[in-house]
Every structure is written in C-alpha cells, then in structure tokens.
Amino acid sequence: MSQKLVAVKGMNDLMSPQIEIWQFVERTAREMFGTWGYSEIRTPIVEDTALFVRSVGEVTDIVSKEMYTFEDKGGRSITMRPENTAPAVRAYIEHGLGQQPVTRWYYLGPMFRYERMKTGRYRQFYQIGAEAYGPADASQDVENIALAWHFLKAIGIQHVTLHLNSLGDAPDRPKYLEALRAYFAPHVATFSDAAKETFERNTMRLLDTKEEALRPLVAGAPVIGDFLGEAAKAHFDEVKALLTTLGIPFVIDRTLVRGLDYYTRTTFEFIYEPPAGDNALGTAGTVCGGGRYDNLVRELGGPDKPAVGFAMGLDRLVLLLESLGTRLERRPLLFIATMEPELKAHAVKLVTELRMKGLAVDFDPRGGKFKRQLDRALAVKARHFVVYGQSEHEARAFKIKNMDLPDGDPNKEATVPLDGLAEWLLNAARVAPVTTPPGS
RNA sequence: GCGGUGGUAGCUCAACUGGUAGAGCACAGGACUGUGACUCCUGGGGUUGCCGGUUCAAGCCCGGUCCAUCGCCCCA
C-alpha cells in the first residue's frame, strides 16, 4: 500500500514567494547584527539532552513535554534543540571564551518543539537570536534590546510594543515566590485543573494566565518589583533610564515572567498588538523574547559570566510582513525572446554574458511561438523585453520595451545597440531596483 | 495532551433529500510567422486525504487515522 508522502506534521516547505521575504529578513539580520558587533555562531541541531534539562529547567513545558528526544545508536540521549541559548552557552564554555571580557554572538536557524500547532507556531520553527556574554552593566541589556528594536523597525514591522520587567537576582526569587504562593494558596480550591497544576509546578507563570476568571486575583498579586534587592533595583532603574535616553518606548509589565528558568534581572518581550480586525498572528503575539541570565554560564560548569540575549521567531516576523502586503519576488530585468532557431545560440550567448555582469536576464529555453515567449515574459514579470531575431541580429541593435509603462508612454520603447545593452540595463537597474523593501 | 471546524484537479471552489465528479484560473496545442495581458476552439489532468464499515449504489452516512485550521495549555 503506497501512502502519499508528505512533510512531517508541523514542519513546512518554504518557497517563493515567501522565501524571498525570509531571505530579506535573514540578510538584514546578518548585516545589522554584524554592524552591532555580534558575530555568527552555528551550533549543532542536536545536543546532549542534559544540556536542556539543566538550563531551560526541568519543570518547564519545553523540557517536560515539548522536546524531540531520542536515543542514538550509541545509546546516548539526544535532543533536537528547542532553543539556542543553551547550546551557545555550551559552546562558550567549551571553547574557553570566558577568558575574553566580551563575546557577542548571533545565531539563525531551525529549532524544534513538539507542540500542538496553530498560527505562527510550528514544530520546526526558526529563530534569530543575539547573546552578549561578559558585561553585567545595564548598558549591555539596553544595547541588546535596542538591537532587537531597531532590527524590527528595519524590516518594517509595526505595532510591536516592548514589555519590560525585572525578575531580580537569585536570592530575591525565593522570597517573592513564598509571598506569591501565600497569596494564591487560599484560592487554589477554586482554580481550574490547569491553573492548579501551574500553581504547584511553576507558580510565577500564573501571572500571565489567559484565564479570565483569574485576572482579578492576579491583578492584586504581589509584584516582583517590591522584592528586588538594591542591586537589581538599581540595575532595572538604569535599564529604564537608558531606554528612555535612546528614545525606545516601553511598558512595565509586572506579569512578564517568561517560560525559561534561567532568567535573572531584566526580561523583555516584543509583543505584536494588532490594530482592530487584524489577526495575522492569532494568539501568538510574542515576536521576540529575551532577558538577562547571569547564572546560566556558571550553572552549566563555566566561569561566573553574566549574559543577556534575545530570540526572535522568524516565522512570525514573516507572517507579519506578509500580512502587511510585503512582496519581494525577484523580477528579471530583461526578457529576451528568440525567433529564428538558428539564431538561438547568439541569444543564449548574450543572456549568459549579461548574467555574468550581474544582470538578471531571462529567456525561454523552449523557444517557440512569439506569443508564448511574450506570455512567458509577462508571467515572470520581466521589466524589459526584447526580441533577438534576424533584423536585430543584422542591425546589431534592439528595440527595448519597458513592460512597466503603459502603451503610448513616450519612454515606452528605446533603441539600444547590442554593444551598449549591458550599460543601458545597469542604468535601468539603478533607477528601479530588482527588489523593493517593504513599505515602499 | 484536551475541545471546535474542515480536507474534492497545481490554485480557488461547486455537486439538492446518497444515484458512476464539474467550473474558473493555471498549463499545453490551435485559430495567428515578430511585440501587452484580449477573444474563440481544443486538450491533458482526480484512485473526492488515507483505511475500513453500512448500502443495490458513498464525495455525501458511520468508525478510525493522517493533515490543516481555531481555542485551551504554553511559547518565538
């Protein structure tokens, strides 16, 4: 019985016309993150399972139920990375980078979580992240946040709000947790099963519950801000002040606790807040999440190095750009139709020469009727169109038609000698770039 | 993991209370031998997601399964 072979659930093929948007986002990230002093790190897709259990946290949903974990042929427990911070930290330690005062890395690639799918959430999804190891200063937090902020602006994302919170230092946590549990404890009996479990397992996560019934209670819960130690409090104040200095707007979100255990002090998320009627991301509103993790390097066996970083969901960024009407398909600058079969060799040679000069030139290898080739030129949205036929071959000149202009426009057609064609096209490419950035 | 909705041609969708599957777009050929999306004709295409059941007969009814989609949980 032959079954139809399809992609594994939650894992998608990415192709044109979306892939051009992916490439645009990735290209912009590589350029911009590089400018900001971050260099790329590529870690393996799989790691020792223990790495994620120890870093992300045993009681988190990611580790307790969402990991792609399997045994390899040597009997080792292997996990496909659900996030890239822990692998980066592992690499940081493994290569002895603790010797350096500052290390800044970015990564870009697929992550894997075994989850129920919905809009903007897939089992193989893509993240772009940036991590800075070394500096404990608030200016490092803010640099990292500012990078995320300006990157989102650069690719044309709108309607995102920066949510900010501080989780304090490790010693602050137990005191706060105790107060939080004491606050919720009298009400647990009235909780839903899910909420009860959250209370038992990870009390802080009750703060960002989506259960309407719990909202009033959560609103009156103790806030972590009142439990911050002096140092953490001063750090948070400085982060806020610096963000203001840089003109980056933010809201304080006391309920922002995030799902990974390793965060300390600053946590932040960029959340998509759609205009009315828009539902591009469904309930998956977070496009970027991050924060400081001052203890993780040490906890994984490395030196005592503070760090801060973020990760963005590429899938969600692309979804947003698509919903904004972004179209980035590549258009040939010129389409050359061939007429007499015996001249095809000349035409192919011309196409090749122009391409080698960096010009996007296309033709129809099938040849055939003029109309078919013209239709082909229209289908691939070529900007200009010429015929390479007997008369052009003899005159060594072309009549170039600008396909973007309506009939009757005085600039519709131009006569260009064969020798001047490349230069003419280079100039045309300058006037109208092959791809246009979103929002233009 | 739990609940709602849905899967028919490459794409968008039709097919009444069960009666041997259709249109538009796209693709290919022609009318038409070289310059704008036109028009007209013709053609290829489908085991109706998959498996099983009920029935004389299943795209339609029943069960399972896979996939998609929305909400919960959670997250990028």
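Whatever comes next refers back to the structure up there.
All residue numbers refer to position in the chain's written sequence, counted from 1. Chain letters and ligand numbers both follow the written order, the letters beginning at A and the numbers at 1. Only residues with pLDDT of at least 70 get local features here, since the model is predicted, and only at 80 or more are side-chain atom pairs given and counted; chain-wide, interface and lining totals rely on the full set of residues. Hydrogens are left out, water is left out, and the side-chain values use all remaining heavy atoms of the structure.

Draft legend 1. Broad picture of the sheet that holds strand 13 (residues 361–363). Spatial strand order, 13-12-14-15-16: five strands in an open sheet with mixed pairing. The outermost strands of the open sheet, each flanked by one partner alone, are strand 13 and strand 16 (413–417). Looking at each pair of strands side by side, their axes are set apart by 30° on average, direction ignored. In this sheet, strand 13 lies alongside strand 12 (residues 334–338) in parallel orientation, the contact comprising three bridges. Paired with F335 across the bridge in strand 13 is D362. The contact rule is simple, with two residues in contact once any of their heavy atoms fall within 4.5 Å. Every axis corresponds to a line fitted to the C-alpha atoms, with the helix fit spanning only the stretch in contact, and the corresponding angles, defined between N-to-C directions, vary from 0 to 180 degrees. Only DSSP runs of H or I reaching four residues or more are called helices, and only runs of E reaching two or more are called strands; each is numbered from the N terminus. Seen against the sheet, helix 13 (residues 370–379) touches strand 12 and strand 14 (384–388) and runs at an angle of roughly 170° to strand 12. Those strands touched by helix 15 (residues 421–431) are strand 12, strand 14, strand 15 (397–402) and strand 16, and its axis lies near 140° from that of strand 16. Two strands pair under a simple rule: DSSP has to find at least two bridges between them.

Draft legend 2. Representation of the pairing of strand 14. Most of strand 14 sits out of view: five of its five residues are buried. The sheet contact formed by strand 12 and strand 14 spans five bridges and is parallel. Each bridged residue has a counterpart across the sheet, and for I336 the counterpart in strand 14 is V386. Bridge analysis of strand 14 against strand 15 gives two bridges, and the strand direction is antiparallel. Among the inter-strand pairings, F385 is bridged to a residue of strand 15, identified as K401. Burial classification: accessible surface area is computed with a 1.4 Å probe over protein chains only, and a residue below 20% of its type maximum counts as buried, one above 50% as exposed, and the rest as partly exposed.

Draft legend 3. Representation of the pairing of strand 12 in the model. With five of five residues buried, strand 12 lies mostly within the body of the structure. Side-chain alternation along strand 12 places L334, I336 and T338 on one buried face and F335 and A337 on a second face that is also buried. Each parallel crossover has a hand, and the one from strand 12 via helix 12 (residues 344–356) to strand 13 is right-handed. By convention, orient the strands away from the viewer: a clockwise path from the first strand over the helix to the second makes the crossover right-handed.

Draft legend 4. Geometry of the nonpolar core. Here, nonpolar core means buried Ala, Val, Leu, Ile, Met, Phe, Trp, Tyr and Cys residues that are tied together by side-chain atoms lying within 4.5 Å of each other. Counting residues in hydrophobic clusters, the biggest one holds 47 residues, and the most contacted among them are V25, F33, F151, F270, V287, F310 and L317. No other element matches helix 5 (residues 138–155), which puts 10 residues into this core. The residues touching V25, leaving out its near neighbours within four places in the chain, are I128, F151, I155, L314, L317 and L321.

Draft legend 5. Broad picture of the packing of aromatic side chains. Ring geometry is summarised as follows: Phe, Tyr and Trp rings, the Trp one being its six-membered ring, pair when their centres sit within 6.5 Å, and such pairs are stacked at plane angles under 30 degrees, edge-to-face over 60 and tilted between the two. Per the counting criterion, the structure on display carries 17 aromatic pairs. Plain terms: the ring middles of Y92 and W105 are 6.2 Å apart, the flat faces sit at 85° to each other, and that makes the pair edge-to-face. Residue Y92 is located in helix 4 (residues 85–94), and its partner W105 is located in strand 5 (residues 103–112); the two are separated by 13 residues in the primary sequence. The class of W105 is buried, set by a relative accessible area of 10%. With a centroid separation of 6.1 Å and an interplanar angle of 70°, the aromatic rings of F370 and F385 are classed as edge-to-face. Of this pair, F370 sits in helix 13 while F385 sits in strand 14, and the two are 15 residues apart along the sequence. On the basis of relative accessibility, which here comes to 35%, the residue F370 falls in the partly exposed class. Joined through ring pairs, the aromatic side chains of F33, Y106, F151 and F310 make up one cluster. Over a ring means this: the NZ of a Lys or the CZ of an Arg is within 6 Å of the ring centre and within 35 degrees of the ring normal. Taking the ring centre of Y38 as reference, the NZ or CZ of R104 above it sits at 5.8 Å. The ring centre of F199 lies 4.6 Å from the NZ or CZ of R181, which sits over that ring.

Draft legend 6. Representation of the protein's contact with RNA strand B in the model. Note on definitions. A residue lies near a molecule or strand when any single heavy atom of the residue is within 4 Å of it. T119, R121, R205, E392 and K412 are the nearest of the 52 residues found near RNA strand B. Near the protein, meaning within 4 Å, the atoms of RNA strand B are sugar or phosphate in a fraction of 59%, with bases accounting for the rest. Q127 places a side-chain nitrogen or oxygen 2.9 Å from a sugar or linking oxygen of RNA strand B. Contributing elements (two or more residues each) for the surface near RNA strand B: strand 6 (124–133), strand 10 (286–292), strand 11 (307–313), helix 13, strand 14, helix 14 (390–395) and strand 15. Amino acids outside the nonpolar list (Ala, Val, Leu, Ile, Met, Phe, Trp, Tyr, Cys, Pro) and the charged list (Asp, Glu, Lys, Arg) are all regarded as polar, and Gly is one of them. Its residues assigned to classes, the surface near RNA strand B shows 15 nonpolar, 15 polar and 22 charged. Here a polar contact is taken to be a pair of N or O atoms separated by no more than 3.5 Å, where protein atoms must pair a possible hydrogen donor with a possible acceptor and residues adjacent in sequence count only if both atoms sit in side chains.

Draft legend 7. Geometry of the pattern of salt bridges. Think of a salt bridge as a Lys or Arg side-chain nitrogen and an Asp or Glu carboxyl oxygen that are within 4 Å of each other. Applying the stated criterion across every chain, the model contains 19 salt bridges. For D419, the salt bridge identified is with R396, shortest N-O distance 3.9 Å. Separated by 23 residues along the polypeptide, D419 in the loop between strand 16 and helix 15 and R396 in the loop between helix 14 and strand 15 bring together distant segments of the chain. The class for R396 is partly exposed, based on a relative accessible area of 46%.

Draft legend 8. View of the sheet that holds strand 4 (residues 77–80). Taken together, the three strands give an open sheet; going across it, the order is 2-4-3, and neighbouring strands pair in antiparallel fashion. Each edge of the open sheet carries a strand with a single partner, namely strand 2 (46–48) and strand 3 (68–71). Across the sheet, the axes of successive neighbouring strands diverge by a mean angle of 35°, strand direction being ignored. Where strand 3 meets strand 4, four bridges bridge the pair, whose relative direction is antiparallel. Across the sheet, the residue bridging to T69 is T79, located in strand 4. Across the sheet, helix 2 (residues 49–56) lies against strand 2, strand 3 and strand 4, angled at about 75° from strand 2, the strand it touches most.

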